[in-house]
Amino acid sequence: WDGQRYVYFSQDHCAKVWLGAVRPPDTSHDAVGDAAVSMALLGNYMRAPDSFKAQNQQRCLATPREPSFAVRHPVFEGVCQGNRRLCKCGAPHFS
């Protein structure tokens, strides 16, 4: 929550802010690596005092985010990635 709306962050963004872990450029996600990062984030969150959580929430809001794959590639291998603002196929989006 940024005071006006809910804000969602990618796992990579949270890992960068909370853990100081940055995925090397041009590397892909893998299930084992993503699971390890998820568990590290959960463990960090569960052990953190409320003041640290609030501080990291503000850091998440203030830290510039990398554009997602869907933003960088609205159409990949001929398939629309479903980003409402960048949709190329014209398919309806349901909320």
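Residues numbered from 1 in each chain as written. Predicted model: local features only at pLDDT ≥ 70, side-chain atom pairs only at ≥ 80, totals over all residues. Heavy atoms only, no water.

Chemist: Give me the packing of aromatic side chains: which residues, what numbers.
Modeler: On inspection of all chains with the given rule, the structure shows three aromatic pairs. Judged by centre distance (5.9 Å) and plane angle (50 degrees), the ring pair of W18 and Y45 falls under tilted. Residue W18 is located in helix α1 (residues 11-19), and its partner Y45 is located in helix α2 (residues 31-47); the two are separated by 27 residues in the primary sequence. A centroid spacing of 5.1 Å and a plane angle of 75 degrees characterise the contact between F69 and F76, whose relative ring orientation is edge-to-face. Clustering of aromatic rings is evident, with ring pairs tying together W18, Y45 and F52. Over the ring of Y45 we find K53; its NZ or CZ atom is 4.2 Å from the centre of that ring. (Phe/Tyr/Trp six-rings, centres within 6.5 Å; stacked < 30°, edge-to-face > 60°. Helix = DSSP H or I, 4+ residues; strand = E, 2+ residues; numbered from the N terminus. Lys NZ or Arg CZ within 6 Å of the ring centre and 35° of its normal.)

Chemist: Can you tell me about unusual backbone geometry, naming the residues and giving the values?
Modeler: A positive phi angle, near 50 degrees, is found at E77, a position not held by glycine. Relative to the helices and strands, E77 resides in the loop between β1 (75-76) and β2 (79-80). For E77, a relative accessible area of 70% gives the class exposed. (Buried < 20%, exposed > 50% of the residue type's maximum accessible area, 1.4 Å probe, protein only.)

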